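So the chains spell out like this:
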Amino acid sequence: MKFQIIIFCFAFSNFVHAQISDYKEYRKTQVKLTCTPQDSLTIVNKLNELLLLDTSQFTTNLDWYYQDLGWAYYKSFMELKDSSLLGKSIDAYLKQKEPGSNDYWNIMHIYFIQHDCENGEKYLALYKKNTSREFYKERKEQISRIRKRCEG
């Protein structure tokens, strides 16, 4: 009977550890920043929460953390109008091992906001390369508006 209890405790501790070590699982329990308007207190609190989080506890899906952090910096910029947050947003996105299409979109957009047209075009090309042709075509008008930041 003792042996079964020990096995159960060991299995349970591994299960609990797996829950804690996967950022994607941790993320499901947290408030998320979205594209919809949110109050500035929620946004600033989320950024601070992410900055204070001990990421060494996570062994998997850490790219999601950097994606959340990049988005929190960007959303904070939109509220506080502190342009230094844009560079921090890009830095966070670029810490990912495997950025995705949305990450390239966000990085491209931030570079164009900063009037860094060369890097904006570089990440637009990466976005285009990693996005389905149909979806890219749907965003052509939006891309045109974003690019206008570098005209004239």
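Caption draft 1: Structural context of the state of the cysteines. The tally for this structure, following the rule as stated, stands at 1 disulfide. What pairs with Cys117 in a disulfide is Cys150, and their sulfur atoms sit 1.7 Å apart. Its S-S torsion of about -105° marks the bond between Cys117 and Cys150 as left-handed, since a negative value means left-handed. Here the residue Cys117 occupies a position in helix α7 (residues 117-129), and Cys150 occupies one in the segment after α9 (140-147), the gap between them amounting to 33 residues. Residue Cys117 is classed as partly exposed on the basis of its relative accessible area, which comes to 26%.

Caption draft 2: Quick look at a positive patch on the surface. The grouping of Lys128, Arg133, Lys137 and Lys140 at the surface amounts to a positive patch. If you trace the backbone, Lys140 turns up in helix α9.

Caption draft 3: Structural view of the packing of aromatic side chains. Tallying each qualifying case throughout the model produces 11 aromatic pairs. Ring geometry for Tyr26 against Phe58: centres 5.4 Å apart, planes inclined by 50°, an arrangement best described as tilted. Of the two residues, Tyr26 is situated in helix α2 (residues 23-27) and Phe58 in the loop between α3 (40-52) and α4 (62-80); the sequence distance between them amounts to 32 residues. Exposure remark for Tyr26: the relative accessible area of 22% places this residue in the partly exposed category. Here Phe58 falls in the buried class, since its relative accessible area comes to 6%. Pairwise contacts between aromatic rings join Tyr23, Tyr26, Phe58, Tyr65 and Tyr66 into one cluster. Sitting over the face of the ring of Phe77, Lys81 holds its NZ or CZ atom 5.9 Å from the ring centroid. If you follow Arg139 out to its NZ or CZ, it ends over the ring of Trp105, 3.9 Å from the centre.

Caption draft 4: Quick look at the nonpolar core. Formed by 34 residues in total, the largest nonpolar core has its most connected members in Tyr65, Leu69 and Met108. Among the secondary structure elements, those contributing two or more residues to this core are α3, α4, α5 (84-94), α6 (101-113), α7 and α9. Discounting residues that sit within four places of it in the chain, Leu69 has contacts with Leu47, Leu50, Leu51 and Ala92.

The rules behind these values
Residues numbered from 1 in each chain as written. Predicted model: local features only at pLDDT ≥ 70, side-chain atom pairs only at ≥ 80, totals over all residues. Heavy atoms only, no water. Disulfide = S-S within 2.5 Å. Helix = DSSP H or I, 4+ residues; strand = E, 2+ residues; numbered from the N terminus. Buried < 20%, exposed > 50% of the residue type's maximum accessible area, 1.4 Å probe, protein only. Patch = residues over 30% accessible without salt bridge, like charges linked within 9 Å, V, L, I, M, F, W, Y side chains within 5 Å. Areas by Shrake-Rupley, 256 points an atom, 1.4 Å probe, with all protein chains shown as cover. Salt bridge = Lys/Arg side-chain N within 4 Å of Asp/Glu carboxyl O. Lys, Arg positive; Asp, Glu negative; His and termini not counted. Charge placed at Lys NZ, Arg CZ, Asp CG, Glu CD. Phe/Tyr/Trp six-rings, centres within 6.5 Å; stacked < 30°, edge-to-face > 60°. Lys NZ or Arg CZ within 6 Å of the ring centre and 35° of its normal. Core = buried A, V, L, I, M, F, W, Y, C linked by side-chain atoms within 4.5 Å. Contact = heavy atoms within 4.5 Å.

Function cannot be inferred from these measures alone, as they are strictly geometric.
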